[in-house]
Amino acid sequence: MKSSPVVEHDLHAFVDGALDAARRKEVQDHLDRNPDAAEAVSRLMAQRQLLRSTLAPIADEPVPQRLQLGTLLAQRQEPPTRHWRWAAAVLVALGAGSVGGWQVRDRWEPVDVAANGAAGGAANGVAALAGEARSSYLAYASETPEDLDRERLLRVVSDKLRRPVEIPDLSAAGYRFAGGRLVATAHGPAGMFFYDRADGTRMAVMLRPMTIEKEAPMLVQASGAIGGYSWAMRGLGYSVVGTESPTTLHPVADEVRRQARETSST
């Protein structure tokens with residue numbers, strides 16, 4: 001059956017991870033064939049990741065009493081219809097929903113998109129990478145990885161990232177390589193390699209080029225149930241991401257970093 005044309009709604013759903021596997025593949029194929037659409041999606045992803053990275057420290061905090069709907073309504077003396085309209089506008093402005101920005105606080109400062117990503121410094125670049133890793137994991141972790149053999153997967157990822165990459169061997173840590181795929185991020189293509197434990201727990205290693213050449217130390221990342229560690233070294237950014245605790249994932253991240261250092265020094 002012929003698939004329906006890709007429209008703007010599909011692009012937004014692609015960015016939000018709201019498409020089923022079949023439709024997501026159709027949209028990805030469309031992006032591969034249409035550079036203008038791919039650029040538009042990259043801009044949307046950049047905006048999404050900027051918000052997520054900026055508000056990550058407060059994403060899981062409860063809604064403050066002063067911003068709860070009942071409190072907002074009680075403070076207003078206008079007719080009920082206007083109460084709801086005003087309260088809804090306040091919540092949207094503060095980032096209600098998936099972003100989770102319930103309070104902006106006095107420490108809020110405007111953030112330059114160009115300075116918080118590939119063109120930014122070490123900390124900002126790794127923070128953006130961490131957000132992209134979480135979003136990609138959320139979008140793809142429940143799917144069966146693309147049906148590519150290991151050697152072909154390495155060729156595809158290395159070609160897109162324009163540098164040779166290796167798939168970390170995490171068998172000593174109790175994880176079996178389960179496959180991988182290319183993923184789109186706000187800063188270009190990335191390789192994502194999935195691993196499963198004997199109990200079915202899944203985690204992933206994502207890597208993509210970075211404009212920062214010097215090493216950036218590990219940054220712990222967390223948003224809801226998904227977290228892990230991200231860092232940069234020798235022009236590549238790495239993320240170890242999953243649903244396990246930071247205590248469990250930290251030694252895994254250390255092993256990925258150790259192998260990456262050995263590979264780059266040979």
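Conventions used here
- Residues numbered from 1 in each chain as written.
- Predicted model: local features only at pLDDT ≥ 70, side-chain atom pairs only at ≥ 80, totals over all residues.
- Heavy atoms only, no water.
- pLDDT = per-residue confidence, 0-100.
- Contact = heavy atoms within 4.5 Å.
- Core = buried A, V, L, I, M, F, W, Y, C linked by side-chain atoms within 4.5 Å.
- Buried < 20%, exposed > 50% of the residue type's maximum accessible area, 1.4 Å probe, protein only.
- Helix = DSSP H or I, 4+ residues; strand = E, 2+ residues; numbered from the N terminus.
- Pairing = 2+ DSSP bridges.
- Axes fitted to C-alpha atoms, helices over the stretch in contact; angles between N-to-C directions.
- Salt bridge = Lys/Arg side-chain N within 4 Å of Asp/Glu carboxyl O.

Asker: A description of the confidence of the model for the chain should follow, citing residues and the corresponding values.
Answerer: Of the residues in the chain, 70% reach a pLDDT of 70 or more, and the chain-wide mean stands at 74. Predicted confidence for residues 90-123 stays below pLDDT 50, and this span has 58 contacts to residues more than four positions away or in other chains.

Asker: For the nonpolar core, give the residues involved together with the corresponding values.
Answerer: Formed by 29 residues in total, the largest nonpolar core has its most connected members in Phe 14, Leu 31, Val 41, Tyr 137, Met 192, Met 206 and Val 241. Mapped by element, the contributors of at least two residues to this core are helix H1 (8-16), helix H2 (21-33), helix H3 (35-55), helix H6 (122-140), strand S2 (188-196), strand S3 (202-209) and strand S5 (226-233). In this structure, Leu 161, Ile 167, Tyr 175 and Tyr 195 belong to the second largest nonpolar core, which totals 24 residues.

Asker: Tell me about the sheet that holds S3, and name the residues and values.
Answerer: Reading across the sheet, the six strands line up as S1-S2-S3-S6-S5-S4 and stay open at both edges, with antiparallel pairing between neighbours. Across the chains shown, the open sheet's two edge strands, defined by having one partner strand only, are strand S1 (176-185) and strand S4 (216-223). Across this sheet, the average inter-strand angle for adjacent strands is 20 degrees, counted without regard to direction. By the bridge criterion, six bridges tie S2 to S3 in an arrangement that is antiparallel.

Asker: Break down the environment of Arg 134 for me, with residues and values.
Answerer: With respect to the helices and strands, Arg 134 occurs in helix H6. With relative accessibility at 9%, the residue Arg 134 sits in the buried group. Sequence separation between Arg 134 and Gly 228 is 94 residues, and the spatial gap between their C-alpha atoms is 8.6 Å.

Asker: I'd like a description of the pattern of salt bridges, backed by residues and values.
Answerer: Applying the stated rule across the entire model yields 11 salt bridges. In this structure, the salt-bridge partner of Asp 29 is Lys 25, at a minimum N-O distance of 3.3 Å. With Asp 29 and Lys 25 both in helix H2 and four residues apart, the pair spans about one turn of that helix. Where salt bridges share partners, they join Asp 10, Arg 23 and Glu 26 into one cluster.

Asker: Tell me about H1, and please be specific about residues and values.
Answerer: Listed as buried for H1 are Asp 10, Leu 11, Ala 13, Phe 14 and Val 15. Backbone geometry just downstream of H1 places Gly 17 in the positive-phi region, at approximately 70 degrees.

Asker: Please provide a residue-by-residue account of unusual backbone geometry, values included.
Answerer: Its identity is not glycine, yet Arg 162 carries a phi of approximately 60 degrees, on the positive side. On the basis of relative accessibility, which here comes to 77%, the residue Arg 162 falls in the exposed class. The backbone of Arg 234 shows a phi angle near 50 degrees, a positive value even though the residue is not glycine. Relative to the elements of secondary structure, Arg 234 occurs in the loop between S5 and strand S6 (236-242).

Asker: I'd love a proper account of the pairing of S5, names of residues and values included.
Answerer: By the criterion of burial, S5 is predominantly enclosed, with eight of the eight residues buried. Looking at chain direction, S4 and S5 are connected through six bridges and run antiparallel. For Gln 221, the partnering residue across the bridge sits in S5 and is Gly 228. Where S4 hands over to S5, the hairpin turn is made up of two residues, of which Gly 224 adopts a positive phi near 65 degrees. Pairing of S5 with S6, which is carried by seven bridges, proceeds in the antiparallel orientation. Each bridged residue has a counterpart across the sheet, and for Gly 228 the counterpart in S6 is Val 241. Connecting S5 to the antiparallel partner S6 that follows it, the hairpin turn spans two residues, and Arg 234 within it adopts a positive phi of roughly 50 degrees.

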